Amino acid sequence: VEPGSFIPNKPSLGATITGKAEDLMVKVELLLNHLNAITDPDSLASIKEILDNVATLTAEAKYFFGDVSPEVKAITGSTKKTMDNVARITTDIRGVTGQVGRTIDSDQLSNIILSIDSTATTLRQLSSSLELTIRQSREDFNVSMQNLREALENANEVSRMLAENPSLLLRSEQQKARRIR
């Protein structure tokens, strides 16, 4: 070493091992404290309860999926059939629209659409007229029913009078004398 320089100070091997051993002991002590906390009867009871709950949930899930599995398979099959039908309908629609496009030109299609529109307008007007006719018929029917009730009441009155005095058929009812003022 040159004069006036310093010799670097370095911890000895024993001090390094001792320091590391102390760190290791602190960590081991912390680990043992945690193990003591985990193995405490109260902690074990909580862990056992958690494990029991997990076992119960697992059993219920197994039972649920066992019950639901046939329905899921049925739904899957039904969905597949539905999708097959939708695909077939889509193919049919494409075929029909392609055939219509090949056989009908745009002028004919415009005429058909105009005819459909005219028919729809006529049907709307017919529906309105029919509705008005039905309302009128309903009112006429109600008036007719009222007249029929009155006629039945009158017939019942005549029938009652004849039941009380059958001679009214042969002669008329005696007129009561009237006072003239």
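You'll find the structure just up there.
Residues numbered from 1 in each chain as written. Predicted model: local features only at pLDDT ≥ 70, side-chain atom pairs only at ≥ 80, totals over all residues. Heavy atoms only, no water.

Some points on helix 2 (residues 41–103)
Point 1. Counted at 1.5 Å a residue, the expected span for helix 2 with its 63 residues is 93 Å, and the 87 Å between its end C-alpha atoms agrees.
Point 2. When the local axis directions of helix 2 are compared, the greatest deviation, roughly 40°, occurs at Val68, which is followed within four positions by the proline Pro70. (Helix = DSSP H or I, 4+ residues; strand = E, 2+ residues; numbered from the N terminus. Expected span 1.5 Å × (residues − 1). Bend = angle between axes of the 7 residues up to and from the residue.)

Observations concerning the pattern of salt bridges
Point 1. A full pass over the atoms with the stated rule returns 5 salt bridges.
Point 2. Residue Lys80 pairs with Asp84 through a salt bridge whose shortest N-O separation is 3.3 Å. Of this pair, Lys80 and Asp84 both sit in helix 2, 4 residues apart, which is roughly one turn of that helix.
Point 3. In this structure Lys80 comes out as exposed when scored by relative accessible area, which is 52%.
Point 4. Residue class for Asp84 comes out partly exposed when judged on its relative accessible area of 38%.
Point 5. The residue Glu157 makes a salt bridge to Arg160 at a minimum N-O spacing of 2.3 Å. Of this pair, Glu157 and Arg160 are both found in helix 3 (residues 106–164), 3 residues apart, which corresponds to roughly one turn of the helix. (Salt bridge = Lys/Arg side-chain N within 4 Å of Asp/Glu carboxyl O. Buried < 20%, exposed > 50% of the residue type's maximum accessible area, 1.4 Å probe, protein only.)

Keep in mind these numbers describe shape, not what the thing actually does.
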